[in-house]
Structures are given as structure tokens and as C-alpha cells.
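Secondary and tertiary structure notes
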Amino acid sequence: MELEKIKELVDMMKANDLSEIEIVDGQTRIMLKRGAGQQITPQVLAMPSVVSPSVNGFIPNGLASAETSPHVTQTPSQDSKQKKMAEIVAPLVGTIYMAPSPSSDPFVQVGDPIDEDQVVCIIEAMKVMNEIKSEVKGTIKEILVKNGQAVEYAQPMFLVEPD
Amino acid sequence: MELEKIKELVDMMKANDLSEIEIVDGQTRIMLKRGAGQQITPQVLAMPSVVSPSVNGFIPNGLASAETSPHVTQTPSQDSKQKKMAEIVAPLVGTIYMAPSPSSDPFVQVGDPIDEDQVVCIIEAMKVMNEIKSEVKGTIKEILVKNGQAVEYAQPMFLVEPD
Amino acid sequence: MFSKILIANRGEIALRIIRACRELGVQTVVVYSEADRNAAYLHQADETICIGPAEPAESYLNIPRIISAAEISNVEAIHPGYGFLAENAHFAEVCQECKIAFIGPSPESMRLLGDKVQARNLAKHAKVQIAPGSEGSVENEEEAAKLAEKIGYPVIIKASAGGGGRGMRIAHNEVNLRSAFHNAQTEAATAFKNSELYLEKYLEQARHVEVQILADQAGNVVHLWERDCSLQRRHQKVIEETPSPALDNNLREELCKAAVRLVKAANYVNAGTVEFLLDKKMKYYFSEVNTRIQVEHPITEMVTGIDLLKWQLRIAAGEHLKLRQRDIKQQGVAIECRINAEDPANGFQPCPGRIERFISPGGFGVRLDTHAHAGYVISPRYDSLIGKLIVHQKTRPEAIACMKRALQEFHIEPIKTTISLCLEILSHPQFSKGKIDTGFIERTW
Amino acid sequence: MFSKILIANRGEIALRIIRACRELGVQTVVVYSEADRNAAYLHQADETICIGPAEPAESYLNIPRIISAAEISNVEAIHPGYGFLAENAHFAEVCQECKIAFIGPSPESMRLLGDKVQARNLAKHAKVQIAPGSEGSVENEEEAAKLAEKIGYPVIIKASAGGGGRGMRIAHNEVNLRSAFHNAQTEAATAFKNSELYLEKYLEQARHVEVQILADQAGNVVHLWERDCSLQRRHQKVIEETPSPALDNNLREELCKAAVRLVKAANYVNAGTVEFLLDKKMKYYFSEVNTRIQVEHPITEMVTGIDLLKWQLRIAAGEHLKLRQRDIKQQGVAIECRINAEDPANGFQPCPGRIERFISPGGFGVRLDTHAHAGYVISPRYDSLIGKLIVHQKTRPEAIACMKRALQEFHIEPIKTTISLCLEILSHPQFSKGKIDTGFIERTW
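Only a predicted model underlies this, so the values are computations on that prediction, with no experimental measurement involved. (Residues numbered from 1 in each chain as written. Chains lettered and ligands numbered in written order. Predicted model: local features only at pLDDT ≥ 70, side-chain atom pairs only at ≥ 80, totals over all residues. Heavy atoms only, no water.)

1. Here's the deal with helix α1 (residues 11-24) of chain D
Residues and elements named next belong to chain D. Our working definition: Numbered from the N terminus, helices here are DSSP runs of H or I no shorter than four residues, and strands are runs of E no shorter than two. The span expected for a helix works out to 1.5 Å for each residue beyond the first. For every residue, the accessible area (1.4 Å probe, protein chains only) is compared with the maximum for its type, and the residue is labelled buried under 20%, exposed over 50%, or partly exposed between those bounds.
With 14 residues, α1 extends 20 Å between its outermost C-alpha atoms, agreeing within 8% with the 20 Å of an ideal straight helix rising 1.5 Å per residue. Within α1 the residues assigned to the buried category are Gly11, Glu12, Ile13, Ala14, Leu15, Arg16, Ile17, Ile18, Arg19, Ala20, Cys21 and Glu23. Glycine 25 occupies a position one or two residues after α1 and carries a positive phi of about 75°.

In C-alpha cells, the structure reads:
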């Protein structure tokens, strides 16, 4: 799906007073809405994906669809227009620690390559230290949390560019 | 998915006042909507009319637009697919009488030709008998009220096929 | 009791009357203009009759159309609500002639109390204090200037037939007075077709305190204590509460008894309100009588447990008051906030339009009187009141806390409302202390 | 008073607790599952924490996640609401260990009263009548059959650890009893991991009457009179009212005093409810104690004017009861209808989905406790209660009339609700007469 095509579609909508377009073609789905007070929402530009994608943090109105503990999730982040990003999200509520001890180096830093099953942080819940492992192989692109901060369930912690 | 095809569909929609198209063909699905998200509202299939037409009885959600006493109104009645009909509506609340006195013949009957300014019924309000005149010239096609019945403001009373 | 009545009003008060009727087993016929055709409250009526287009003059203010609707629907009585025809003595008279009971006072007492000069004289007679001012009407500028000199500035000029702030002018000196007199006269002539004016001492930083009355056809009169309506913006009430934080029990008793004396002197029947102004020295002066149910009646209902609308119907149907004065107690504190579709950030411009999101407050101590809901379209044709939020709690601090949380829960989108203003007022230290007057809002916001 | 608490619940009761906290100036942290992420009531909290996916076991029933949320948000106390962990003594214990106040009774009295056999013995001790039945648990079919013969059929078999109708069987003869015993045992073992059963005389056409209690940490106990919850469908309450139309004043006093004796014997603290069954001859028998706030608590609040949620918080914070028994009066009559998203015409199937149109009732005497609104999506994951409609009027006929008109005003579309069923019940002559029992709905609809 080239952006050019979408632009043309949008122009067509405007010129012809269309309020909605949806095109599904195999793996590709384009949905455009216009007017009636609603903004144009080019919501899902989803690509085929290895990991079961969920929409945490981007849940539209209505019910959350993710019902299983989502650990890694694809995200259409603004910072990643080119390459698709994966998120590592908190699997439980608690306090996050970025290093095994106050004096140690952090588990991971931006730019680090990570493997599946590599520990990326610790979440303390009820005095128990839970090691959180990545479920994706790739490179840490962004760290979204700070050492000692509280995190809630499914809160994004790391952006990873998958290999 | 050729844009050309979509363009053609859109033109077709515009030309024929379609509000929605959905095409499913194997893996491909195209859905197009037009016009402010609302349903098809063939509200006004109005013909040129001598009297200011209003939309009584067919007011969509929201505010009534008719603010002046509407006497005759164009109507897309089901009974008149071929020819457009005009309605004579009640200009005031009261009791309707179809004849000048209980023993007289009714002012008009179905099939009668009527002239502008011809009395079609009487509406009694606060003991005053108000003669109601047609504002349209044509033929009485249907009488929608019964002698002695109460009518409210803007209630359709007669369907007239205008000349 | 009546078996069927007509409601000659719209919006929240029409719904309020429907509610009372349903609970009493009285059938309702509700008239409406084309602008209200799709309003949900109409579904609560047993019958509805469209009486005209949106303009009030051709619908809610049109006596022949309303009477005609009453005749074809064969009702025994008409409830006028507030506003529109509620204080129109001629309408009450027409009802009488048509043998339809008017749910309100007689045309005679409406006329008597509607004329402010006559009402002042009546009050004097009933030994109710009135503000120093003209005996009757004031003929000309000269007379006005002489009188003003005598009673002292500032003075207020009012139209005898007045109401709603029209034909009203405040003057702080003689130059002021002369031009004000002329303007008020012109305005009164235009608005009320009656240019008669009178003059009173103007009370600065006064409180507006009013007493609710019920009077039956047998001459029994009770009061239901007072309401404090000092929070006003341009003579429009914004927040009301009861009991008044300004009164002690002696003054409260005295005020309420004065109100009873006055309505007895007017041979008044049905629900009514006697308004007083209270000056900085806690001296009270009769202001006027409202010969109808008031917008803010719910706060009285909350603290007394008495349904005023039901009593209006019962009294009009000839029932005697079964309420004894000593059994009518003020229990706890009630506050009402008027929710208007107006933008406080933009000069209180009306904000008509469709309500997309409507999340209403609820829970313990909260009452909401509204005809609005998600999907309701606010007409630009009528007043901007879209709801009244009322709370009832044991103490004033609890009532304020409850109102604040209720206002915070109340979401109406996308139209602007006075919810934000009400929240600011409730959070103001002067309000917590109960130290407010009719000029407070305009001085502060 | 606490400065910040966590609310470990969802929906209308979470909102009810938020309301009480806001009015008391207590900050709230509300935990939620992903299914509730977009619920509007969360906007009323000072903080919200997502604790897990929709399944209760991974969110609202997950003790470690809730405690962890309490720790990171640094709250002083947890309110469990009703359902979920509200009667879980282990949860109360974990709170205690973590130095977080549990807003409810101690784990010990929860355990004691949660075990139905122990509770029966306690009641006997406190001289509160219990239905004839087994002394302790019943070991096997033989013992059950012998006992049933002695006390007479019908009998009811219940799980000691039971609740919500599970592990419960009624037997009308010995053949019945033997199979019922076996089934109940299996069910109890599965549901409660405890197969202990006991046996009682089954009361036919009984009424369910319960007494509201408040007890502080200093041992002061007051009752707030009774609630009649006889209108049930499959052990689920549908309509509740207070006062009970079945009781005279002597019996009412006796019942309430018995309830106070019982909770005193259990060293009970905070709000609780003692449930009784009342047989056709107006003899009452202790049934069980609910160690939490009840769904139907608002009707008690309406007639007493006492905010139960606020008292739960005050008691947990160590305040003493300032309420004197003689000052707690039942004023008027209150009725509650539970509005469930269920289709009465279709076997009461749950009707989850998006609410498109939501027009709520209001006005004098009406209280609505709901977290729903137009645009709210009812999750299929949780119970179907979407609101509680409560009315308060001077007399029972007035309360019934008020509830009917309020139900008629209540429009929820397109999902189906129990509004229609409630209207039918309220219009039934047996209900007007107050002559109903726990089997009435199932016999009639």
C-alpha cells in the first residue's frame, strides 16, 4: 500500500462527498472515514506479523480485545514510520527496576540487541522480584519507563525493532 | 485494486445518488459510503410548487424547519409513486367538520376537483368555526381525516394531486 | 382529583408535571411546538398535541391554540408550569370561562399581585415591611427626583407591571435618575404596554430570600420555609439553597409569618412564593409575589419531604391542605444548581445543539430534574435551562461536598454549560461561609 | 480519616465508593481490568491502575495484583465492594499483613460467619432462633435421612462454606434426599473445595428479611432496621423494600435486636447484614450473615438518611459510631429495583453490548445508582447488574406509584433489561398487598 494511493483515495472522498471507504485485499485493509464531525481515521495499516498483534494502548472505544496476557505487541508508533516496532509491555502491576541492583548496570540500554528470553527488567510486586524477559529478538529502540517507577498491567516499557 | 475501478464506482454513486456500495469478490472487499453517514433520505422529491412547501410529518430528527403556518405541503406518499402529491394540513388545533352542517353534503369528496381558495373543511377552535381553504388547484385523491375528529397543528387532512 | 389535565409548557417543568400526574394517576395531555416534536419527555404523556410552530407566540404563548387543544382532548384542568402563560391573568380567566380549572391562583389575585404598586400597598396593609419608596406610581421625573432626595440614593425605578428585570433602572444620583426614569418609562411601555413606574430605595449587597407558600380553597395557608436565591447573574438565579445561611431562627419565623399574612390578605390559592430582600443589617423588605411554581421548588421538596407539584394539583382539584404547619420541618440542607446551555467563558452565550455525550450524576442525596439526554437537541428557541441538579444532605458542608462531586460527574458534550461556573462558585470561600449577595457573581466573575 | 484508599471492584459499586470518598475528601485509586478500560466511572477516580485482563481470576479476584497496585499507589486502605474478594477472609488477612486497612470486618469474624455451621452455633448461643436442623455438619446420607425424618420434610441441604445457591438442594422425601445429598456434596467440593454439608428444615413460602448493622471498633453496635428481599429469582434478589410490609413493630424490634446480639457475639466490626427467613406463621429463623456492604444498601440509606458507605470508611479509619439507636428512624418507604442486562422474555439471558440510548428517570423521590450511560459497553465478562433504581416516598402506595413512573421513564436500548419484569411485578395485586415470598416470581412468571 503506497501512501500515494491513499492520498488519491482521500482526494476522491473529498471531491465526491464520500463518508467512508473500506478496502480489503488479501492481507491489506484500508479504511477511511470522513466528515460528520469525525476526523479522518486511517486506523489500521496492519502488515502481516509474526507475533499475535494486539492493540494495547490504542484500544478504540468499546471493549478491549486483548484478553490474554500480551507481552509483545506491534505498534503503529509515530517514531517508527519506516520499520514496524514491537512493544514489551508489563505483564503485571508493580515497581520496575532497570538493573539487577542499584549499583549495577541496567539490563538493557537503547541500541542494545536483545534475544528472546533475555531479561530486560525486574518488576517488584508484593515484595517479590519478577524478572521480565523479552519475547522478541531485535534492538532496543526506546525505553518508555524509568527506574523505580510504578507500572500497570499492559503498560508499554520498551520499544523494540524486531530482527 | 485499481484506483480506476474505485473512481468509476464513486462516479456511479454520485450519478445515481447511492449512499453505500459494498463489493466482496474472493479476497477483495470494497465498501464505500457517501453523504454524512446518514441513511438515504429521499426527503424532498419535491416538484415545483406554487405554495411554499414544508416538510410537515416528515421532519427528520432534530429541529423542525417549518416556522410559518404550512397549509399545503409536497409529500412523497407511497400512494403516489407516479405523480407527486400535495397535502393540505391543518393550520390550527381543533375539531374538523367535513360539511357546512350535519345534514349537508361534504365540502369535498375523493375525486373532486378543487380550486385554490375553495373551502375544504371547517376546523372548530374555541367555539369559532374556521373555514379552511385549499391553497392548491388539483384533484382530491385521499381524505385522511374523519368528520368530528380532533386534528393537531400541521396534521395532514387531504392528499391532492395538483394540476 | 382530576382524571385528565393539559400541560401548557415544555422541557423540564413539563416533565416535572407529568411525573406528579403519573404518580397521582392523572392522565396528561402535553402540547408542544414543532421544535419539540422529537423531545423524549413527550413519550411520558398519555396524549400529545402539536399546537404550532416553534415561535412561542404561535404555540406556548398562544391562548386560543392551547384552549382549543384542551377542548378537543377534553381535559378538566390546565397546568401552566412557569414562564410562558403561568402568570398571565387573562389566560387564567379564559380557562375559567371555558370551565377548565387553572392550576394556580385566581385571575383576581394574579392581577392584584402582578401589579407591583398594588402589591406594595397590600403588603403595607398586611404589616409586611416594604422598602422606603413611592406610595403609588411616580408620575414624572420631578416627583421621582423629590422622592429620591427624601429616601436617599441609590434608588431603583421599576415598572408596575414589570418582571424579569425589564423596565428596571438603578440610579445613584439625580442626573442618573432623570435619564433612567425616561428610559425605564419607554422600556416599560414597550414591554408591558404600561408605562407606570414606581420608585424604591435600592438595597446594596442584599440577599434574595423567598418563602414558599401553599394555600387551599378553604383559606388554609401554610409556609414551607424559605429559599435563599442570592446567587444571581443579571437577575437570573444560578444557585439556590435552603435553609438560608443568613437567617437565624427568629428572623426565619418572622419572615415566614409575614409571607403567610400577605398571601392571606390577597386571598391567594395554590402554590406561591413571597420574595424578600434582606439588607446588610438583616432587615427584610417585601419585594414581590410569584404566583406560580418556581424553577427552584425542588430544594423545598427535599428538606420538607413534601411534593409541591402534587399539592398544586390537589388544591386545584378542591382538596384541603392536610399539612399542619407544625409538622412541616426543614430537615437537612438542599442546594440546587441550574444547568444552562450557556458558555460561561464566552459571555454566557447560549449553546444550542445536539448533546452527544450525557453522563448524569446520581447516588445518595442527588436528584436530577432534566428532560435532556444523549441525543437530545437543545432548541435555540427557548430558554437555556437544560436541567436542575439538586442535592440533599444533613449539613451545609456535606451538601456542598455532595454537590461538588455531583457536578464533577456531570458530563454534557459538546455543548457548553454552566456546570463549570457552578463548580467555581461552590469552591469559593465566600460561598462556604455563606457570605454572598445578589451582586457576588458579577463582582467575582 | 484515610487520605487515600484503593477500590478493588468495578461498576456501580466502585462508583458508589468513589462518591462517598469524594464527599469525604478521600483520594481514590481504582483498579480495573482491560475490559473496563473505557468505563466512564474511572474518570471519577484520582488514580486508576490496570491490573490485568478481563478474566476475574487475573484481575478483580487476583490478590497479588491488587495488593501490588495498593503498594505502588501507597494507599492506606482497600474497599472490596461486594462480590469478588469482599467476603474472602484470606484477602482481608493479606491486607492486614501488608499493613493496609481492609474496609470490612476482621478475617476472624469473616471466617466464623462464613462457615454456616459455625454461624448457626453462634446464633444459638446468642439466643437467635435457627431453623430446626443438624447440630453441626452431616456426615453421610444415612445421618441426613434420619435427621430429615425427625424434623420433617421438606428439608434443605446446604454447603457449610456455601453461598450464591451453590451446593444447595431441597428434598421433599427420602429418595430425593439421598440423590440430593450426593449431588450437593460433589458441587460443594468443586465450588468451595470443602464438601461439608448441613441440613435444615426448608421453609416454604418464606420471606427473606435482613437487618442492616453498623459496628465500630469500640464495640458499639447499632441496627438500621430491616430490608425485605423476598422478591427473588433463583436466589437472586430482584426488588427490595424497607420497611418490610410483613412485620409489625414488635416483631421488627425483636428481629433487629436479635441481629445486634448476633453480631456482638461475633465481635463484628463495620457494616454487615443479618439475614432471616420468616415463615408463614411469622416465625423468624436466622439464615446467614453477609460480611460486606449489600447491593441493596441504598434503601436503608433512604429511610434512615444515613450514608452507609461513609460510615464504612469512618469505622475502618477508627472513628466511633456517633449514631444513637434511638435517633435512627425509618422515615417513609424505599424500594429498589435491580436493573440487569438480561432478557426476561428469553430465560433471563444476559444481554451484553453497547447502550445506544439511555434515558434515565429522575425527579422527586428518585435515586439512580448506575455506572452506565449512552455509549457504555456492557461486558459479557461480569454480572449483568447495570443499575439500581431506588425511590423514597412517605407511604408504600406512593413509593410503588413513584417506582412505576420511574421505570416507565427508564429507556435503555437496544439491550434488553429487567425493567419490564420489574414493572409487571410492581403492577401485580399480590405485590400491592405485600403478600409475596421467595417463590413468588418463579410461580408467577
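Having seen the structure, we can now continue with the description.
2. What to know about the confidence of the model for chain A
The predicted structure's coordinates, where accompanied by low pLDDT, should not be read in detail. We count it as follows: Along the chain, pLDDT gives the predictor's confidence residue by residue, from 0 to 100. Note on definitions: a residue-residue contact is assigned when non-hydrogen atoms from the two residues lie within 4.5 Å.
When the pLDDT values of chain A are averaged, the result is 73; 64% of them are 70 or greater. A low-confidence stretch, residues 36-70 of chain A (pLDDT under 50), is modelled with 58 contacts involving residues beyond four sequence positions or located in other chains.

3. Comments concerning the side chain of Glu409(D)
Stated precisely, the cut-off is as follows: Counted as a polar contact is a pair of N or O atoms within 3.5 Å, where, for protein atoms, one must be capable of donating a hydrogen and the other of accepting one, and residues adjacent in sequence contribute only when both atoms are in side chains.
Its location among the elements puts Glu409(D) in helix α11 (residues 396-409). Polar contacts involving the side chain of Glu409(D) include one to the side chain of Arg19(C), which spans 2.8 Å. A polar contact is formed between the side chain of Glu409(D) and the side chain of Arg405(D), at a distance of 2.8 Å. Beyond its immediate stretch of four places on either side in the chain, Glu409(D) contacts Leu15(C), Arg19(C), Gln44(C), Ile359(D), Pro361(D) and Gly362(D).

4. Quick look at the packing of aromatic side chains
The line we're drawing: Classification of ring pairs uses Phe, Tyr and Trp, with its six-membered ring standing for Trp, and accepts pairs whose centres are within 6.5 Å; under 30 degrees between planes counts as stacked, over 60 as edge-to-face, and the remaining range as tilted.
Applying the stated criterion across every chain, the model contains 14 aromatic pairs over all chains. Plain terms: the ring middles of Tyr60(C) and Tyr382(C) are 5.5 Å apart, the flat faces sit at 75° to each other, and that makes the pair edge-to-face. Pair noted here: Tyr60(C) is in the loop between β3 (47-52) and α2 (63-73) and Tyr382(C) is in the loop between β20 (377-378) and β21 (385-393), with a separation of 322 residues, a long-range link. As far as the burial class goes, Tyr60(C) and Tyr382(C) line up, both buried. With centroids separated by 5.5 Å and ring planes inclined at 85°, the aromatic side chains of Phe276(D) and Tyr284(D) adopt a geometry described as edge-to-face. Given a relative accessible area of 4%, Tyr284(D) falls into the buried group.

5. So, the sheet that holds strand β10 (residues 221-233) of chain C
All names here are of chain C. Spelled out, the test is: Two strands are counted as paired when DSSP detects at least two bridges linking them. Here, axes are lines fitted to C-alpha atoms. For helices the fit covers the stretch in contact, and angles between N-to-C directions go from 0 to 180 degrees.
Read from one edge to the other, the open sheet built from eight strands follows the order β13-β12-β9-β10-β11-β14-β21-β19, with strand pairing classed as antiparallel. The two strands at the open ends of the sheet, each matched to only one other strand, are β13 (284-290) and β19 (366-369). When strand polarity is set aside, the average angle formed by the axes of neighbouring strands in this sheet is 25°. For β19 and β21, the ladder comprises four bridges, and the chain directions are antiparallel. What sits directly across from arginine 367, in β21, is isoleucine 390. Along the sheet, helix α11 (residues 396-409) makes contact with β11 (236-242), β14 (333-340), β19 and β21, crossing β21 at roughly 140°.

6. Digging into the pairing of strand β9 (residues 138-143) of chain A
Residue and element names in this part refer to chain A. The sheet contact formed by strand β6 (residues 113-114) and β9 spans two bridges and is antiparallel. The residue bridging proline 113 from the neighbouring strand is threonine 139, located in β9. The sheet contact formed by β9 and strand β11 (residues 156-162) spans five bridges and is antiparallel. Bridge pairing links isoleucine 143 to phenylalanine 158 in β11.

7. Observations regarding the interface of chain D and chain C
For clarity, the threshold we go by: Here the quantity called buried area is the total loss of accessible area, with a 1.4 Å probe, experienced by two parts when brought into contact, counted for both. Here, a salt bridge means any side-chain nitrogen of Lys or Arg that lies within 4 Å of a carboxyl oxygen of Asp or Glu. Residue type decides the class: Asp, Glu, Lys and Arg count as charged, Ala, Val, Leu, Ile, Met, Phe, Trp, Tyr, Cys and Pro as nonpolar, and the leftover types, Gly among them, as polar.
At the junction of the two partners, chain D supplies 39 residues and chain C supplies 39 residues. Summing the contributions of chain D and of chain C, the shared interface buries around 2,900 Å²; its carbon and sulfur component is 49%. Contact with chain C buries surface across chain D, with Arg19(D), Glu23(D) and Phe364(D) losing the most and accounting together for 24% of the total. Linking chain D with chain C are four salt bridges, by the criterion used here. Where Arg405(D) meets Glu23(C), a salt bridge forms, and the shortest distance between an N and an O atom there is 2.6 Å. Viewed at the interface, chain C and chain D are joined by 12 residue pairs in polar contact (both at pLDDT 80 or more). For the side of chain D that touches chain C, the secondary-structure elements that each account for two or more residues are α1, α9 (297-304), α10 (308-316), β18 (357-359), β19 (366-369) and α11 of chain D. In terms of residue count, the dominant contributor to the side of chain D that touches chain C is α11(D) (six residues). A breakdown of the residues in the side of chain D that touches chain C according to their chemical character gives 13 nonpolar, 11 polar and 15 charged.

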